[in-house]
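# Survey of secondary and tertiary structure
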Amino acid sequence: LLYLNIILLSLSQVLLGDMGTGKTSLVLRFVKGQFYDYQESTIGAAFFTQVLSLNEATIKFDIWDTAGQERYYSLAPMYYRGAAAAVVVYDITSMDIKHLTHYPSKLGAYVAFNDKLCIAVVENPNLVTVLVANKADLATKRLVENEVGEQYAKENGLLFFETSAKTAQNVNELFYEIGDYISYHL
Ligand code: GDP
Ligand code: MG
């Protein structure tokens, strides 16, 4: 049994807020196969687990779904201690890409939300960071092109997925890739 700790974080153009990018929706889609158009905001943080068999290995995903911690300029260690992967989510319909280009480049060693805030210093140099462009189903409202996120991820050594929690596009693929990547790099 492989234990995988994952933290779900959010990139947002709103300096003090991280709500609404779809973190909770992504994790509910993955864990329960459900989606709600009116997802209640997460208070504090929520914890989810999912066990699955991948390539003959059984993997237990422990997922911390965070909310609003940026406001306090730090994420409590309990959320990122032992994290093997950080999933950083933005919303393709509301992200101002100018903020993305200001992000520090070494997201692997720590997770930063914008040029002013540095949130989680993750004590894991092998942390896998995945940049996720969510709400891909809202194509007509798109503000951030796929290529922009993809290019940013490439330059910064991040994995990249464009997802939709609503249609389930790439959601399982995202978590499977994390499982695959980590079991391969153990
Ligand atoms: P969080 O604050 O990052 O946890 O975001 P939520 O999961 O609470 O989602 C915020 C809002 O966006 C909710 O109304 C969701 O229904 C909606 N939402 C989340 N993911 C998607 C998506 O992929 N597509 C669409 N159209 N809406 C989404
Ligand atoms: Mg939430």
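Structure shown above.
The following paragraphs examine the structure supplied in this document. (Residues numbered from 1 in each chain as written. Chains lettered and ligands numbered in written order. Predicted model: local features only at pLDDT ≥ 70, side-chain atom pairs only at ≥ 80, totals over all residues. Heavy atoms only, no water.)

This part takes up helix α4 (residues 146-156). Working note: α-helix, 3.6 residues per turn, so residues spaced by three or four point in the same direction. Every buried residue of α4 is accounted for by N146, G149, Y152, A153 and N156. Along the axis of α4, the buried positions cluster into a sector of 140°, meaning they face one direction only. Residues of α4 that are exposed and angled more than 90 degrees away from the buried face: K154 and E155. Immediately beyond the C-terminal end of α4, within one or two residues, lies G157, with a positive phi of roughly 70°. (Buried < 20%, exposed > 50% of the residue type's maximum accessible area, 1.4 Å probe, protein only. Helix = DSSP H or I, 4+ residues; strand = E, 2+ residues; numbered from the N terminus. Arc of directions from axis to C-beta.)

Binding of the magnesium ion (ligand 2) to the protein goes through T24 (OG1) and T42 (OG1), at separations of 2.1 Å. Pair noted here: T24 is in helix α1 (residues 23-32) and T42 is in the loop between α1 and β2 (45-54), with a separation of 18 residues, a long-range link. For the pair T24 and T42, one class covers both residues: buried. (Donors = N, O, S within 2.8 Å, 3.2 Å for Na, K, Ca; no water.)

On to the side chain of D91, then. Position of D91 relative to the elements: it lies in strand β4 (residues 85-91). A distance of 2.7 Å separates polar atoms of two side chains, one belonging to D91 and the other to T93. In contact with D91, not counting residues within four places along its chain, are G20, T21, N134 and K135. (Polar contact = N/O pair within 3.5 Å; in protein donor to acceptor, adjacent residues only side chain to side chain. Contact = heavy atoms within 4.5 Å.)

For the pair α1 and helix α5 (residues 171-185), the least separation of the axes is 9 Å and the interaxial angle reads 85°. When the interaxial angle is binned, α1 and α5 end up roughly perpendicular. On the side of α1, the interface is formed by L26, R29 and F30, while α5 contributes V171, N172, F175 and Y176. Classifying every residue of the contact of α1 with α5 by side-chain character gives 5 nonpolar, 1 polar and 1 charged. (Axes fitted to C-alpha atoms, helices over the stretch in contact; angles between N-to-C directions. Parallel < 35°, antiparallel > 145°, perpendicular 65-115°, else oblique. Nonpolar A, V, L, I, M, F, W, Y, C, P; charged D, E, K, R; others polar.)

What follows concerns the environment of A57. Here A57 shows up in strand β3 (residues 57-66). For the pair formed by A57 and D180, sequence separation is 123 residues and the distance between their alpha carbons is 9.7 Å.

With that out of the way, let us pick up the pattern of salt bridges. Tallying each qualifying case throughout the model produces 4 salt bridges. Between K60 and D62 there is a salt bridge whose closest N-O contact spans 2.9 Å. (Salt bridge = Lys/Arg side-chain N within 4 Å of Asp/Glu carboxyl O.)

For a regular strand, side chains alternate in direction, first toward one face of the sheet and then toward the other. Counting buried positions over the 7 residues of strand β7 (residues 128-134) gives 7, a clear majority of the element. One ladder, built from 7 bridges, connects β4 with β7; its direction is parallel. Bridging across to β7, Y90 finds its partner in A133. Bridge analysis of β7 against strand β8 (residues 159-162) gives 4 bridges, and the strand direction is parallel. Bridge assignment links L131 to a residue of β8, and that residue is F160. Handedness of the β-α-β unit built from β7, α4 and β8 comes out right-handed. (Pairing = 2+ DSSP bridges. Right-handed = clockwise from strand over helix to strand, strands pointing away.)

The full set close to ligand 1 counts 18 residues, and G20, K23, S25, Y36 and D137 are the nearest of them. Within the side chain of D137, a nitrogen or oxygen atom sits 2.7 Å from a nitrogen atom of ligand 1. Contacts to ligand 1 include S164, whose side-chain N or O atom sits 3.4 Å from an oxygen atom. Looking at the shell around ligand 1 element by element, the count peaks at 3 residues for α1. Residue composition of the shell around ligand 1, grouped by class: 5 nonpolar, 8 polar and 5 charged. (Near = heavy atom within 4 Å.)

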